[in-house]
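Descriptive analysis of the structure
Listed below are the residues making up each chain.
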Amino acid sequence: MIKMNENASVAVIGAGIGGLAIAIRLACQNQKVEIFEKNAFPGGKLSSIEKEGFRFDAGPSLFTLPTLIDELFELAGKNPREYFNYQRLPEICKYFWEDGTHLSTLSSVEDTARAIAKELGEDEGTILKFLLGLNKKYNIISDLFLGSSLHEMSTWMSKKALKGYLNIPQLGLFSKMHQYHTSLFKNPKTVQLFDRYATYNGSNPYQTPATLSIIPHLEYNIGAYFPSGGMIAITNALYQLALDLGVVFHFNTGVERILINESTAVGICTAKGDFHFDNVVSNSDIRPTYLQLLADVEAPKRLLNQEKSSSGIIFYWGMNKIFDELGVHNIFFSDNYQSEFEAIFNQKNLFNDPTVYIHISSKLEKNDAPENSENWFVLINAPANEGQNWEELVHLTKERVLDKVSRILGYSIREFLIAEDILDPIKIEHRTSSSGGALYGNASNNQFAAFLRHPNYRPAIKNLYWVGGSVHPGGGIPLCLSSAKIAADLYQKNAYFRKK
Ligand SMILES: Cc1cc2nc3c(=O)[nH]c(=O)nc-3n(C[C@H](O)[C@H](O)[C@H](O)COP(=O)(O)OP(=O)(O)OC[C@H]3O[C@@H](n4cnc5c(N)ncnc54)[C@H](O)[C@@H]3O)c2cc1C
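Residues numbered from 1 in each chain as written. Predicted model: local features only at pLDDT ≥ 70, side-chain atom pairs only at ≥ 80, totals over all residues. Heavy atoms only, no water.

Considerations on the sheet that holds strand S19 (residues 464–466)
Picture the strands of a sheet paired through backbone hydrogen bonds; they go either parallel or antiparallel. Where we set the bar: A pair of strands is treated as paired once DSSP finds two or more bridges between them. For helices the rule is a DSSP run of H or I covering at least 4 residues; for strands it is a run of E covering at least 2, with both sets numbered from the N terminus onward. In this analysis an axis means a line fitted to C-alpha atoms, helices contributing only their contacting stretch, and an angle means the value between N-to-C directions, from 0 to 180 degrees.
Taken in spatial order, the 5 strands line up as S9-S2-S1-S13-S19 in an open sheet, and their pairing is parallel. Two strands close off the open sheet at either side, each with one partner strand: strand S9 (248–250) and S19. Within this sheet the neighbouring strands show an average axis-to-axis angle of 20°, counted without direction. One ladder, built from 3 bridges, connects strand S2 (residues 32–36) with S9; its direction is parallel. In the strand pairing of S9, phenylalanine 36 is matched with histidine 250.

Points about the sheet that holds strand S16 (residues 356–360)
To keep it simple, the criterion reads: Pairs of residues are marked as contacts when any of their non-hydrogen atoms sit within 4.5 Å.
Pairing in this open sheet of 7 strands is mixed, and the strands run S7-S6-S15-S16-S17-S14-S18 from one edge to the other. Where the open sheet ends on each side, the last strands, each with one partner, are strand S7 (102–106) and strand S18 (417–423). Strand-to-strand twist across the sheet, computed as the mean angle between neighbouring axes with direction ignored, equals 20°. Where strand S15 (residues 329–332) meets S16, 4 bridges bridge the pair, whose relative direction is antiparallel. Paired with isoleucine 331 across the two strands is tyrosine 357, which belongs to S16. Seen against the sheet, helix H15 (residues 390–409) touches strand S6 (91–96), strand S14 (311–319), S15, S16, strand S17 (374–382) and S18 and runs at an angle of roughly 55° to S14.

Things to note about the pattern of salt bridges
Rules: Any Lys or Arg side-chain nitrogen found within 4 Å of a carboxyl oxygen on Asp or Glu counts as a salt bridge. We call a residue buried when its accessible area falls under 20% of the maximum for its residue type, exposed when it is over 50%, and partly exposed in between, using a 1.4 Å probe and counting protein chains only.
Counted by the stated rule, this structure contains 18 salt bridges. Among the ionic pairs, aspartate 111 bridges to arginine 114, the shortest N-O distance being 2.9 Å. With aspartate 111 and arginine 114 both in helix H3 (residues 109–120) and 3 residues apart, this pair spans about one turn of that helix. Judged by its relative accessible area of 31%, aspartate 111 is partly exposed. Owing to a relative accessible area of 45%, arginine 114 belongs among the partly exposed residues under this scheme. For glutamate 307, the salt bridge is made with lysine 348, and the minimal N-O distance between the two is 3.8 Å. Pair noted here: glutamate 307 is in the loop between helix H13 (301–304) and S14 and lysine 348 is in the loop between helix H14 (337–346) and S16, with a separation of 41 residues, a long-range link. The structure contains a network of salt bridges with shared partners spanning Glu98, Asp353, Lys404 and Arg407.

Some words on the site of the ligand
Using the following cut-off: Proximity criterion: a residue is near a molecule or strand once any of its heavy atoms comes within 4 Å of it. What qualifies as a polar contact is a pair of N or O atoms within 3.5 Å, subject to a donor-acceptor requirement within protein and to the restriction that residues adjacent in sequence count only when both atoms come from side chains. Residue-level accessible areas treat just the shown protein chains as cover; the underlying method is Shrake-Rupley with a 1.4 Å probe. In this classification, Asp, Glu, Lys and Arg are treated as charged, Ala, Val, Leu, Ile, Met, Phe, Trp, Tyr, Cys and Pro as nonpolar, and every other residue, Gly included, as polar.
Residues in contact with the ligand amount to 34 residues; listed here are only the nearest, Gly18, Glu37, Lys45, Gly476 and Ile477. Arginine 431 is positioned with one of its backbone polar atoms (N or O) 3.5 Å from an oxygen atom of the ligand. One of the backbone N or O atoms of glycine 469 is found 2.8 Å from an oxygen atom in the ligand. Contact with the protein chains hides 94% of the accessible area of the ligand, taken as 1000 Å² for the molecule alone. When residues of the shell around the ligand are traced back to their parent elements, those giving at least two are helix H1 (17–27), helix H16 (425–432) and helix H18 (477–499). No other element matches the 3 residues that H18 contributes to the shell around the ligand. Here the residues of the shell around the ligand sort into 12 nonpolar, 18 polar and 4 charged.

A look at unusual backbone geometry
Most of the time, phi is negative for any residue but glycine, and the peptide bond is trans. Here the residue pair histidine 472 and proline 473 is connected by a cis peptide bond, since its omega of 0° sits within 30 degrees of zero. One non-glycine residue with positive phi stands out, namely asparagine 252, at about 55°. Mapped onto the elements, asparagine 252 comes out in the loop between S9 and strand S10 (255–261). Notably, glutamate 262 is not glycine yet its phi reads approximately 50°, a positive angle.

Quick look at the packing of aromatic side chains
Selection criterion: Under the pairing criterion, centres of Phe, Tyr and Trp rings, with the six-membered ring standing for Trp, must be within 6.5 Å; the plane angle then separates stacked pairs below 30 degrees from edge-to-face pairs above 60, leaving the rest tilted. The criterion for a charge sitting over a ring is simple: Lys NZ or Arg CZ within 6 Å of the ring centre, and within 35 degrees of the ring normal.
Counted by the stated rule, this structure contains 37 aromatic pairs. Between the aromatic rings of phenylalanine 36 and phenylalanine 277, the centroid separation amounts to 5.8 Å while the plane-to-plane angle is 80°, which identifies the pairing as edge-to-face. Here the residue phenylalanine 36 occupies a position in strand S2, and phenylalanine 277 occupies one in the loop between strand S12 (273–276) and strand S13 (279–282), the gap between them amounting to 241 residues. The pair formed by phenylalanine 36 and phenylalanine 277 is uniform in burial state, with each residue classed as buried. In this structure an aromatic cluster arises from ring pairing among Tyr95, Trp97, Tyr206, Phe333, Tyr337, Phe341 and Phe345. Sitting over the face of the ring of phenylalanine 323, lysine 321 holds its NZ or CZ atom 5.2 Å from the ring centroid. A cation sits over an aromatic face here: lysine 321 above phenylalanine 416, 5.6 Å from the ring centre.

Description of the packing of H1 against helix H2 (residues 67–75)
Quick note on the threshold: Should an angle fall under 35 degrees it is taken as roughly parallel, and over 145 as roughly antiparallel, whereas 65 to 115 is taken as roughly perpendicular and any remaining angle as oblique. When the near helix sits turned anticlockwise from the far one by under a right angle, the crossing is termed left-handed; a clockwise turn instead gives a right-handed crossing.
At a minimum axis distance of 9 Å, the contact between H1 and H2 shows a crossing angle of 25°. Put simply, H1 runs roughly parallel to H2. Our pair here, H1 against H2, has a crossing hand that is left-handed. Between H1 and H2, the residues in contact are Ala21, Ile24 and Arg25 and Glu71, Leu72 and Leu75, respectively. Residue composition of the contact of H1 with H2, by class: 4 nonpolar, no polar and 2 charged.

Structural notes on the state of the cysteines
What counts here: A pair of sulfur atoms, both from cysteines and within 2.5 Å, is called a disulfide here.
As enumerated under the stated definition, the model contains 0 disulfides in all. Unpaired in this structure, cysteine 28 has its nearest cysteine sulfur neighbour in cysteine 480, at a distance of 19 Å. The class of cysteine 28 is partly exposed, set by a relative accessible area of 23%.

Observations regarding helix H9 (residues 188–195)
Within H9, 7 of the 8 residues are buried, leaving the element largely enclosed by the surrounding structure. Taken as a whole, H9 has its buried residues at Lys189, Thr190, Val191, Gln192, Leu193, Phe194 and Asp195. At the N-terminal end of H9, a side-chain oxygen is found 2.9 Å from the backbone nitrogen of lysine 189, two or three residues along, and the residue is asparagine 187.

Looking at the pairing of S12
Here 4 bridges tie strand S11 (residues 264–270) to S12, and the two strands are oriented antiparallel to one another. Across the sheet, residue threonine 270 finds its bridge partner in S12, namely glycine 273. The loop that links S11 with its antiparallel partner S12 comprises 2 residues.

Without other data, these values stay purely geometric and don't point to any function.
Structure, rendered in structure tokens:
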């Protein structure tokens, strides 16, 4: 391991999942880390809200690759189980269509293939081959993409890269996800089910490269997980670990500027004054980081102006009934998926028959809802904010969702709704500074946008590092955690060369 300059000081801007992870990694390298967070709480999008006796995870609800969290505790020499626990879900998701078709995907690949064959008339062997085949593709891509900076020449010259080049034809870089799924499956519902994974990084399956068809690998071959205590347990555990490692938190402290001297980050400016640091890490979205915190630095305009990933309208509904037909994760599909994505990405609008995702953590965490009640987290994909009339769109969407779910379940759900809170793209932007309220930074609607995001370090601004959903390798909890690993590796490498 490279020996670091002990006790160099680092300011991390933002206590999102990426900010917490890099703080832990650098504290493990004996760096003195302080986090400046504009909110009164850690976690950013991964936070929690309470309303009239119901608790809701505010943002992420699907937990994959839990070992990436465990790794942070192991790095610190701690037992992750003393901070945080989780279980693998036996049922991944329940899917519902308007014509009465429904289907559960399950933790066993064989059981899922059997269910898809039975309910959608697909060939069981084809599904099995597709799902198991994701393993190989995932290994090639994750070696190259998740663990390394694509902006370093050494990455492109590595053995892993060579393996990637040899397999390019299989990776689907130059075809579209929807096209690829259509070539594999005969029932449009199967295509829709697998197209849905494009939304896991806020993209459009009709435009995103077929390479992203590997996303279901995470759920089917590695597993969909649920943390004890709900998703907020991830934030709480990482926050506690950071505190235990001596990381200092400054809440309610927005950073107004990154101080630059001779193309080098030398500290930060907050309302309380200027503070010198040897290094700075931004966990804030790249757009406000450049436009507000680095106003005197030339910004990479093409990256900042790229199409944003989808945002969402989220209804947090307290329901005073137990819905036995629903599980922890549920999808009520639109009858016209292509038009839905057309509306979101081309018309920057919401479709009149939206796909509805409902997450119910109280199925497993009884304390998340009063007795005989459930906490529904209802997410509808929406365009990033470009000045749409959100009040009107939220109102319209609420009626459409209540109608759609009632129609498919076969009875009205309206009378069970007893508590409500709402999040929309403007509120997401306000709470986390994510440009347009996009959930995953830029959209991955072409090869360049998917794989060439903002780097985790730019030699043009020395001692400034970048982590989180808007930079390489991308949004979503696993990728934000990977961004922190790559940035910490670059930090270590730079520290070594500075010493020489
Ligand atoms: C509704 C919703 C559903 C989602 N579902 C999933 C899911 O199921 N699975 C999944 O993996 N991912 C999901 N995501 C995406 C996931 O939440 C994000 O990719 C991830 O949490 C982003 O983490 P981050 O490190 O980029 O920081 P963020 O969570 O964006 O936090 C950034 C932090 O920086 C702070 N900050 C910004 N600017 C400043 C400043 N100038 N000074 C001080 N502080 C500042 C903000 O206040 C914030 O706390 C979802 C997101 C949302 C909103």
